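Observations on chain architecture
For reference, the chains in residue letters:
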Amino acid sequence: MKSMKFAQQSAIPQRVFAAVAISLLLLALTTNYNASAQTVLTPPITLFQTFPTSNNQLQVAISLDRILDQEIVTGQSTLISTPTGLVLTAPIGTLPLFVLTQLDQELGPNVSNPAFFNPAVRRALIELAPNLYTDLPYITFDNTHTVYNSLESRMAEIRSDYLQIVPSTIQTYTAEGKSGPGKEAKNPVAPPPMIPEQKWGFFAIGNGKFGELDSDGNGLGFKYQSGGVVVGADYKILPKLAIGIAGGYEYSNLDPKFVGGLGSANSGYGVLFTTYGGPDGLYAEAIGAVGYTAYDIQRDVLGTSAHGYPDGWDASVGGTLGYLFKLTDNIGIAPFGKIFYDHLWRSGTSETGSIAGLDVKHGSADSLQTVVGGKLVATFNLGPVRLNNEIWAGYRHEYLQTQYAVASSFLDGGVNTFTTRSPRFHPDSIVGGVGTNAEITRSWSVSFNYNVEANDTYYGHEFLWGLKYQF
């Protein structure tokens, strides 16, 4: 009986194809019937939202900007270019009727359309969505923060004289030797001449970082690794005030979750900075930077490889204000507050090499973060080496964007412009770190810093190694 109905329905004129197709697809689900369906990718709308039909064509109401990673499964799909647009052909999956009924009740009408739950269709749409492009602002902003952290460690070195080892006894130089307190010096002579203040400093700071952002209902997460170097020079205008200039290079590698492909970013930065600090009390620092990034994106799409090469410019400015309370001559605590703003402009790109190349539109993103925290600083001598150490912790909050979006359209047509969104980055994070600067000689010093950031969806580890020469 079912086969007779199938034959009769197949003869129905094309003008009622949409209604018949829906009935047949639902019947296939409930009877565990396997067939093939052609799904025309017309303008996507929000996932699980009701959808209309037009021009007697069945529209697939699956948005590429909402991906539920728990639904990601493998499947076989084919993308075909036709006079009416791109057509996605995939075998129809099966889903128990009670599941469809439950989803209908929870999510509204029309969600039981098989196109929503067809594993191959789901997989194909995930591959088509340009998730890697939505990750680029995270990487650019993270690289800018790494440059800032590198220079912040250098500015702390410039102010390192704010805690000094003070001898417990005062010695008087004489022609016959030294005398201590309570002893009268014989034949006193002038003390050794004062050593000129070292005004110039040159430095190189290498860095490495890795982290991971989880997937969520908005988009797919990723892992990343980055490394680079910041070099520069600074000059003390006054004993408590210095200015500097620096240049930085950062390389990052993106490894997306659940989809094939890779992304990379090569960034260069030019930076101006200044710092103020005394033996105790108020200290401050400020930084301004301009950066350029060249991105290289490779996506695996339905057995082909899509390549895109957007680039971007970003401008950032930030500052820190703190106050050092000396507990002893060698130990102090310093509450501080930091603010940092970064604006990114990203170009568009037209992908090549794939059956489903995209025209990715240009876009922009903004980040405004504050950190409130405190430091414990301590200075002591280890033999001839002077060590300046600090431990810090704080709370970071993002005031602007916590996820990013990319607008795209297929170069071959068939689908209007759609939006792909990134995972949401939690606006609140716990941050902290430790660091030490070892003054090996009066002119040479080395430093090491470790910083960490974490929240319920993200973690990042950062390492800084520095070398300084001053005169």
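These figures come from a predicted structure and were not determined experimentally.

Spatially, S14-S15-S18-S19 is the arrangement adopted by the four strands of the open sheet, whose pairing is antiparallel. A single partner strand is all that each edge strand has here, and the edge strands are strand S14 (349-350) and strand S19 (418-421).

Its 23 residues give helix H7 (residues 136-158) an end-to-end C-alpha distance of 34 Å, which sits within 8% of 33 Å, the value for a rise of 1.5 Å per residue. Burial analysis of H7 places 23 of its 23 residues in the buried class, the great majority of the element.

Turning our attention to the confidence of the model for the protein. In this model, the protein carries a mean pLDDT of 75, and residues with pLDDT of at least 70 account for 65%. Counting contacts from residues 1-118, a segment whose pLDDT is below 50, to residues more than four positions away or on other chains yields 209 contacts.

The residue Ile-430 is located in strand S20 (residues 428-439) in this model. Ile-430 gets classed as exposed once you look at its relative accessible area, which sits at 55%. Sequence-distant contacts of Ile-430, that is, excluding residues within four places in its chain, are made with Gly-394, Val-452, Glu-453 and Ala-454.

Attention shifts here to the packing of aromatic side chains. What the rule picks out here adds up to 19 aromatic pairs. On the basis of an interplanar angle of 80° and a centroid distance of 4.9 Å, the ring pair of Tyr-138 and Tyr-404 is categorised as edge-to-face. Note that Tyr-138 is positioned in helix H7 and Tyr-404 in the loop between strand S17 (385-398) and strand S18 (405-410), a separation of 266 residues in sequence. Classification of Tyr-404 as buried rests on a relative accessible area of 7%. Measuring from centroid to centroid gives 6.1 Å for Tyr-138 and Phe-425, while their planes differ by 40°, and the two rings are tilted. Linking Tyr-138 in helix H7 with Phe-425 in the loop between S19 and S20, this pair joins segments that are 287 residues apart in sequence. Tyr-138 gets classed as buried once you look at its relative accessible area, which sits at 10%.

Moving on to a nonpolar patch on the surface. Together, Tyr-276, Leu-282, Leu-321, Tyr-323, Phe-325, Leu-327, Ile-331, Ile-333, Leu-376, Ile-391 and Val-434 make up a nonpolar patch on the protein surface, roughly 970 Å² of accessible area in all. At three residues, the largest contribution of residues to the nonpolar patch is made by strand S12 (residues 311-326). Residue placement: Leu-327 occurs in the loop between S12 and strand S13 (331-346).

On to the side chain of Glu-157, then. Summarising the element assignment, Glu-157 is placed in helix H7. A polar side-chain atom of Glu-157 sits 3.1 Å from a polar atom in the side chain of Ser-447. Not counting the four nearest positions on each side in its chain, Glu-157 is found in contact with Asn-437, Ser-447 and Lys-468.

What follows deals with the pattern of salt bridges. As enumerated under the stated definition, the model contains twelve salt bridges in all. Note that Asp-142 and Lys-209 form a salt bridge whose closest N and O atoms lie 2.7 Å from each other. One end of the pair, Asp-142, is in helix H7; the other, Lys-209, is in strand S6 (residues 200-213), with 67 residues separating them in the sequence. Take Lys-209: its relative accessible area is 10%, and that puts it in the buried class.

Pairing between strand S7 (residues 222-238) and strand S8 (residues 241-256): 16 bridges, direction antiparallel. Counterpart to Phe-222 in the pairing with S8 is Pro-256. Note that S8 and strand S9 (residues 261-277) share 14 bridges and pair antiparallel. Each bridged residue has a counterpart across the sheet, and for Ser-252 the counterpart in S9 is Ala-265.

Conventions and cut-offs
Residues numbered from 1 in each chain as written. Predicted model: local features only at pLDDT ≥ 70, side-chain atom pairs only at ≥ 80, totals over all residues. Heavy atoms only, no water. Pairing = 2+ DSSP bridges. Helix = DSSP H or I, 4+ residues; strand = E, 2+ residues; numbered from the N terminus. Expected span 1.5 Å × (residues − 1). Buried < 20%, exposed > 50% of the residue type's maximum accessible area, 1.4 Å probe, protein only. pLDDT = per-residue confidence, 0-100. Contact = heavy atoms within 4.5 Å. Phe/Tyr/Trp six-rings, centres within 6.5 Å; stacked < 30°, edge-to-face > 60°. Patch = residues over 30% accessible without salt bridge, like charges linked within 9 Å, V, L, I, M, F, W, Y side chains within 5 Å. Areas by Shrake-Rupley, 256 points an atom, 1.4 Å probe, with all protein chains shown as cover. Salt bridge = Lys/Arg side-chain N within 4 Å of Asp/Glu carboxyl O. Polar contact = N/O pair within 3.5 Å; in protein donor to acceptor, adjacent residues only side chain to side chain.

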